[in-house]
Amino acid sequence: MLPPLNPKVSKDYHNARYLATACDLAYLPADTGCQKFQAELGLRAELISVDNTQVYVGQNETSVVVAFRGSEMPGSIDGFKDWLLTNARNFLVLPEGQIGTDFAAAGVGARFHRGFMAALSEVWEPLYQAVDAAILERERPLWVTGHSLGGAVALLSAWRFERQFLKVHQVYTFGAPMIGNPAAAEAFQKQFPGRIFRFVDSGDPVPLLPTISLTSNEYKHCLQEVVLGATGVGDAIQEAAGQAIGRVLDATFIDEIWGKLNQRVDSHLMSNYLHRIGERIA
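Here the residue numbering is sequential within each chain, running from 1 through the sequence in written order. Reporting in this predicted model follows two pLDDT cut-offs: at least 70 for local features of residues, and 80 or more for side-chain atom pairs to be given and counted; totals over whole chains, interfaces and linings ignore these cut-offs and use all residues. Hydrogens and water molecules were not included; the side-chain quantities draw on all heavy atoms of the structure.

**With respect to the pairing of strand β3 (residues 64-68)**
Put simply, the rule is: Between buried and exposed lies partly exposed: a residue is buried under 20% and exposed over 50% of the maximum accessible area for its type, with that area taken using a 1.4 Å probe on protein chains only. Secondary structure counts use DSSP, requiring at least four H or I residues in a row for a helix and at least two E residues in a row for a strand, with both numbered from the N terminus. Any two strands between which DSSP finds at least two bridges are classified as paired.
Most of β3 is tucked away, with 5 of its 5 residues classed as buried. Burial of the side chains of β3 extends over both faces: Val64, Val66 and Phe68 are buried on one face and Val65 and Ala67 on the other. Across 5 bridges, strand β2 (residues 53-59) lies against β3 in antiparallel orientation. Within β3, the position partnered with Val55 by the bridge is Phe68. Taking the residues between adjacent antiparallel strands as the criterion, β2 and β3 are bridged by 4 residues. In this sheet, strand β6 (residues 142-147) lies alongside β3 in parallel orientation, the contact comprising 5 bridges. Residue pairing for β6: Val66 is matched across the bridge by Val144.

**Structural notes on the confidence of the model for the protein chain**
For clarity, the cut-off: Each residue carries a pLDDT score, the predictor's own confidence in it, on a scale running from 0 to 100. Any two residues whose heavy atoms approach within 4.5 Å at even a single point are treated as in contact.
The predicted model of the protein chain has a mean per-residue pLDDT of 85, with 79% of residues at 70 or higher. For residues 244-248, every residue scores under 50 in pLDDT, and the model assigns this stretch 8 contacts once sequence neighbours within four places are set aside.

**As for the environment of Tyr13**
Heads up, the rule is: For the purposes of these results, a polar contact is taken to be a pair of N or O atoms within 3.5 Å, where, inside protein, one atom must be able to donate a hydrogen and its partner to accept one; residues adjacent in sequence count only when each atom of the pair is a side-chain atom.
The residue Tyr13 is located in helix α1 (residues 13-25) in this model. Spatially, the C-alpha atoms of Tyr13 and Ile281 are 6.4 Å apart, while their sequence positions differ by 268 residues. In this structure, Tyr13 is in contact with Phe199, Val226, Leu228, Ile277, Arg280 and Ile281, ignoring residues within four places of it in sequence. Side chain to side chain, Tyr13 and Arg280 meet in a polar contact 2.8 Å long.

**Focus: the sheet that holds β6**
Worth spelling out the cut-off: Orientation is described by lines fitted to C-alpha atoms, with helices fitted over the stretch in contact, and by angles between N-to-C directions that extend from 0 to 180 degrees.
Taking strand neighbours across the sheet as the criterion, the 7 strands line up as β1-β2-β3-β6-β7-β8-β9 in an open arrangement whose pairing is mixed. The two strands at the open ends of the sheet, each matched to only one other strand, are β1 (44-50) and β9 (225-228). Neighbour to neighbour, the strand axes of the sheet diverge by 15 degrees on average, direction disregarded. As judged from the 5 bridges shared by β6 and strand β7 (residues 170-174), these two strands associate in the parallel manner. Directly across from Thr145, in β7, lies its bridge partner Tyr172. Along the sheet, helix α2 (residues 30-41) contacts β1, β2 and β3; its crossing angle with β1, the most-contacted strand, is approximately 145 degrees. Along the sheet, helix α6 (residues 149-163) makes contact with β3, β6, β7 and β8 (196-201), crossing β6 at roughly 155 degrees.

**Remarks on the environment of Asn60**
Following the sequence through the fold, Asn60 ends up in the loop between β2 and β3. A relative accessible area of 14% means that Asn60 is categorised as buried. For Asn60, the residues in contact, after removing those within four places along its chain, are Tyr18, Leu41, Gly42, Leu43 and Arg140. For Asn60, the side chain forms a polar contact with the main-chain nitrogen of Thr62, separated by 3.0 Å. A polar side-chain atom of Asn60 sits 2.8 Å from the main-chain amide nitrogen of Ser63.

**Some remarks on the packing of α1 against α2**
Put simply, the rule reads: Here the word oblique covers every angle except those under 35 degrees (roughly parallel), over 145 (roughly antiparallel) and from 65 to 115 (roughly perpendicular). A crossing counts as left-handed when the near helix is turned anticlockwise from the far one by less than a right angle, and as right-handed when that turn is clockwise. Charged means Asp, Glu, Lys or Arg here, nonpolar means Ala, Val, Leu, Ile, Met, Phe, Trp, Tyr, Cys or Pro, and polar covers whatever is left, Gly included.
In the contact formed by α1 and α2, the axes pass within 10 Å of each other and the chain directions differ by 160 degrees. The orientation of α1 with respect to α2, classified from their angle, is roughly antiparallel. In the crossing of α1 with α2, the sense of the turn from one axis to the other is right-handed. Residue-level contacts link Tyr18, Thr21, Ala22 and Leu25 of α1 to Lys36, Phe37, Glu40 and Leu41 of α2. For the contact of α1 with α2, the residue count by class is 5 nonpolar, 1 polar and 2 charged.

**What to know about the packing of helix α5 (residues 114-137) against α6**
In a pair of packed helices, the angle between the axes and the distance between the axes together describe the arrangement. Look at α5 against α6: their axes get within 10 Å of each other, and the N-to-C directions meet at 55 degrees. Relative to α6, α5 is oriented oblique. In this structure, the crossing between α5 and α6 has a hand that is right-handed. Facing α5, whose interface residues are Phe116, Met117, Ala119, Leu120, Ser121, Trp124, Leu127, Tyr128 and Val131, α6 presents Leu149, Ala152, Val153, Leu156, Ser157, Arg160 and Phe161. In terms of residue class, the contact of α5 with α6 is made up of 13 nonpolar, 2 polar and 1 charged.

**A closer look at α6**
What counts, and what does not: How far a helix is expected to stretch is found by multiplying one less than its residue total by 1.5 Å.
Look at α6: 22 Å from first C-alpha to last across 15 residues, which is about the 21 Å you get at 1.5 Å a residue. Most of α6 sits out of view: 13 of its 15 residues are buried. Just past α6, the residue Phe165 takes up positive phi, approximately 70 degrees.

Structure below.
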């Protein structure tokens, strides 16, 4: 079993390994996943699953951990195609309805990825109820984490938790794409100073998304980025992005792009992130 989370430090590789393990276990089905959360992390966990969004809520005497699952097939083209296709779900938007109320504090210029917002919306009610009940039972630091698409939704959920009076201690994401425009990134920086840590492998193409499919829209990452691996990132995806300008990004073109990026997909897997973090600890 890994040592428990240490709330007194930030950008800590032991905490990163613990939360990366939670992200890895989040891909497991409920029966196996709950057993593994207990055995490897000492967390009593439950899986909340609504449509295409899955998240584990785990707790012990000292922490509450929210771990979002990423794409069902993170190592295949099918796991990314919906991100890359240019359609209405991918536009930068001002959220509407109840979720729009929670994100209004980000400012009038803040815009967010519609698909990631939709993923959070569909799971929000049972997720909030589970986390609120855990904090009411015992006030403990709330940690939020996620890999890949799950990292994007984790960031958005952290904002919403705080708007609904649940203080988030820290957010760790692994291989997460961008969630919004520069105004949105600035709002997150003000809300979570020194509390967001985006772990990025230098060979992982996903943190450069969704710019490739949205050449007319402007995206920016939240700080703070923690780079793992060698420097000099993203040559293949930058080349593909240049080809995207002036061409309809349809399913056929997605397949062509993936052919260029497929050799880098191993860098995106949780097994790689766990390995890279382990190198920093050793």
